[in-house]
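Inside the fold
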Amino acid sequence: MYSLVYRSVADESFVLPDIYSMLSRARNLNAENGITGCLLYHNSKFLQLIEGEEKKIRELFQKISNDQRHHQLEIIEQRALNGRMFNDWNMAFHDYGQNGQSAFVKMGQIDSYLNASNAFKQKNPLVLSFFSEVKDILFSY
Ligand SMILES: Cc1cc2nc3c(=O)[nH]c(=O)nc-3n(C[C@H](O)[C@H](O)[C@H](O)COP(=O)(O)O)c2cc1C
């Protein structure tokens, strides 16, 4: 099992509805390839964790790197892991606005983690524990 975390900046034209259609295809492809993970979107920036077989992760990251809908990709962390963090999620994603009050509260909490951890700004070996905290927030309701 291998995991990779990168950050990137969304292209101006790549907005929420487009992100949702990208995700819907990505989730099918991830399911076919045994890939799980989590994609966070915050102020036009992405932070994504992908996990699966090392070869599959490298292939997917190659595709994602060539994707013109975002730029300034930077790998924050990659490593072999014993297990998955997002077992049941072919790509978890959280919507800022559409799920009512509790989603709003969750995103507020995630925002404070993001700000506190500087995860979008610098290479951070603690980013995996950061995702573990995000997971607790997203799925604790
Ligand atoms: C921020 C971001 C995250 C993405 N995450 C995934 C992903 O988890 N899985 C995936 O298959 N494609 C993902 N994609 C899309 C891929 O870059 C690519 O468009 C998709 O895999 C379809 O590739 P294909 O039609 O060439 O097979 C992502 C793209 C962006 C911009």
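Just above sits the structure.
Residues numbered from 1 in each chain as written. Predicted model: local features only at pLDDT ≥ 70, side-chain atom pairs only at ≥ 80, totals over all residues. Heavy atoms only, no water.

Structural notes on the site of the ligand
This is how the line gets drawn: Whether a residue is near a molecule or strand depends on its heavy atoms: if one lies within 4 Å, it is near. Side-chain atoms alone can form a polar contact between residues adjacent in sequence; in general such a contact is a pair of N or O atoms within 3.5 Å, and within protein one must be able to donate a hydrogen while the other accepts it. Residue-level accessible areas treat just the shown protein chains as cover; the underlying method is Shrake-Rupley with a 1.4 Å probe.
For the ligand, the set of nearby residues contains 16 residues, the closest of which are Arg-25, Asn-30, Lys-63, Asp-67 and Arg-69. Measuring from a nitrogen atom of the ligand, one finds a side-chain N or O atom of Asn-30 at 2.8 Å. Measuring from an oxygen atom of the ligand, one finds a side-chain N or O atom of Arg-69 at 3.1 Å. Summarising the interface, the protein chains cover 81% of the accessible area of the ligand, which totals 620 Å² for the free molecule.

Structural notes on the packing of aromatic side chains
The condition is simple: Here a pair means two rings of Phe, Tyr or Trp (six-membered ring of Trp) with centres within 6.5 Å. Their orientation is stacked below 30 degrees between planes, edge-to-face above 60, and tilted elsewhere. Only DSSP runs of H or I with at least four residues qualify as helices, and only runs of E with at least two residues qualify as strands; both kinds are numbered from the N terminus onward. To sort residues, take the accessible area from a 1.4 Å probe on protein chains only and compare it with the maximum for the residue type: under 20% means buried, over 50% means exposed, and anything in between is partly exposed.
As enumerated under the stated definition, the model contains five aromatic pairs in all. When the centroid spacing of 5.6 Å and the interplanar angle of 85 degrees are considered together, the rings of Tyr-20 and Phe-93 count as edge-to-face. Of this pair, Tyr-20 sits in helix H1 (residues 16-33) while Phe-93 sits in strand E5 (residues 92-93), placing them 73 residues apart in sequence. The exposure class of Phe-93 is buried, given its relative accessible area of 12%. Through pairs of rings, three or more aromatic residues link up here, namely Phe-14, Tyr-41 and Phe-46.

Quick look at the environment of Ser-65
Assignment of secondary structure puts Ser-65 in helix H2 (residues 54-66). Here the alpha-carbon distance between Ser-65 and Tyr-6, two residues 59 residues apart in the chain, equals 9.9 Å. Within the structure, Ser-65 has its side chain in polar contact with the backbone oxygen of Phe-61 (distance 2.6 Å).

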